[in-house]
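# Architecture and fold: a report
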Amino acid sequence: MNVFDEKKADLERHELMMGRERGRLAVALDLLTDSLILVGQHGVYCPSSRNPGRPALDLEAVLSGMEGAKTLIQSVMESIRAEREARAAGAASRAADPGL
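An account of the accompanying structure is given in this report. In this text, all values refer to a predicted model and were calculated from it rather than measured experimentally.

So, about the overall build of the protein chain. Per the secondary structure count, the protein chain includes four helices and zero strands. Overall, the C-alpha framework of the protein chain stretches about 70 × 30 × 15 Å when taken along its three principal axes. Within the span of the protein chain, comprising 100 residues, buried residues form 21% of the whole. Carbon and sulfur atoms make up 59% of the accessible area of the protein chain, which totals about 7,200 Å².

Among the nonpolar cores identified, the biggest contains ten residues, and these are Leu25, Ala26, Leu29, Leu32, Leu36, Val39, Leu59, Met66, Ile73 and Met77. Contributing elements (two or more residues each) for this core: helix 3 (20-45) and helix 4 (57-96). Looking at which element gives the most residues to this core, the answer is helix 3, with six residues. When neighbours within four sequence positions are excluded, Leu36 is seen to be in contact with Leu63, Met66, Glu67 and Lys70.

On the secondary structure map, Arg22 appears in helix 3. No salt bridge forms around the buried Arg22; measuring N to O, its nearest opposite-charge neighbour Glu78 is 6.4 Å away. Excluding anything up to four places from it in sequence, Arg22 contacts Met77, Ile80, Arg81 and Arg84.

This part takes up the packing of helix 2 (residues 8-18) against helix 3. Interaxial distance between helix 2 and helix 3 falls to 7 Å at its minimum, and their mutual angle equals 135°. Classified by the angle their axes make, helix 2 and helix 3 are oblique. Where helix 2 crosses over helix 3, the handedness of that crossing is right-handed. Residues Asp10, Leu11, His14, Glu15 and Met18 of helix 2 form the contact with helix 3, whose own contacting residues are Arg20, Arg22, Gly23, Arg24, Ala26, Val27 and Asp30.

Now for the packing of helix 3 against helix 4. Their axes nearest at 10 Å, the elements helix 3 and helix 4 cross at an angle of 160°. Considered as vectors, helix 3 and helix 4 are oriented roughly antiparallel to each other. In the crossing of helix 3 with helix 4, the sense of the turn from one axis to the other is left-handed. Broken down by class, the residue content of the contact of helix 3 with helix 4 amounts to 16 nonpolar, six polar and six charged.

Let's shift gears to the pattern of salt bridges. Summed over all chains, the structure comprises four salt bridges. Across the salt bridge formed by Glu85 and Arg81, the nearest N and O atoms sit 2.5 Å from each other. Residue Glu85 and its partner Arg81 are located together in helix 4, separated by four residues, close to a single helical turn. The partly exposed category is assigned to Glu85, whose relative accessible area is 46%. A relative accessible area of 27% means that Arg81 is categorised as partly exposed.

What counts and how
Residues numbered from 1 in each chain as written. Predicted model: local features only at pLDDT ≥ 70, side-chain atom pairs only at ≥ 80, totals over all residues. Heavy atoms only, no water. Helix = DSSP H or I, 4+ residues; strand = E, 2+ residues; numbered from the N terminus. Buried < 20%, exposed > 50% of the residue type's maximum accessible area, 1.4 Å probe, protein only. Areas by Shrake-Rupley, 256 points an atom, 1.4 Å probe, with all protein chains shown as cover. Core = buried A, V, L, I, M, F, W, Y, C linked by side-chain atoms within 4.5 Å. Contact = heavy atoms within 4.5 Å. Lys, Arg positive; Asp, Glu negative; His and termini not counted. Salt bridge = Lys/Arg side-chain N within 4 Å of Asp/Glu carboxyl O. Axes fitted to C-alpha atoms, helices over the stretch in contact; angles between N-to-C directions. Parallel < 35°, antiparallel > 145°, perpendicular 65-115°, else oblique. Left-handed = near helix turned anticlockwise from the far one by under 90°. Nonpolar A, V, L, I, M, F, W, Y, C, P; charged D, E, K, R; others polar.

Set out below in structure tokens:
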């Protein structure tokens, strides 16, 4: 089963609220967040043998990569939102001043 089948309801809901691209990015962000929680819990129960207060080095690398992916997804979502708002504002100003 692929992600489109597994997350069908979430995809439909988010795509309806945010549009196709941002909706899919939102579901991807939710999946990353859930995965980060699971990896974080694993880090609590499987601490580093060298430094018991920190997760194992492999978990730190995974957490770092996932946090980076979340940041990139959030920046794309914000960029798409800003473009959409700019287009809407442009359309509104053209409607208000038909001479443009």
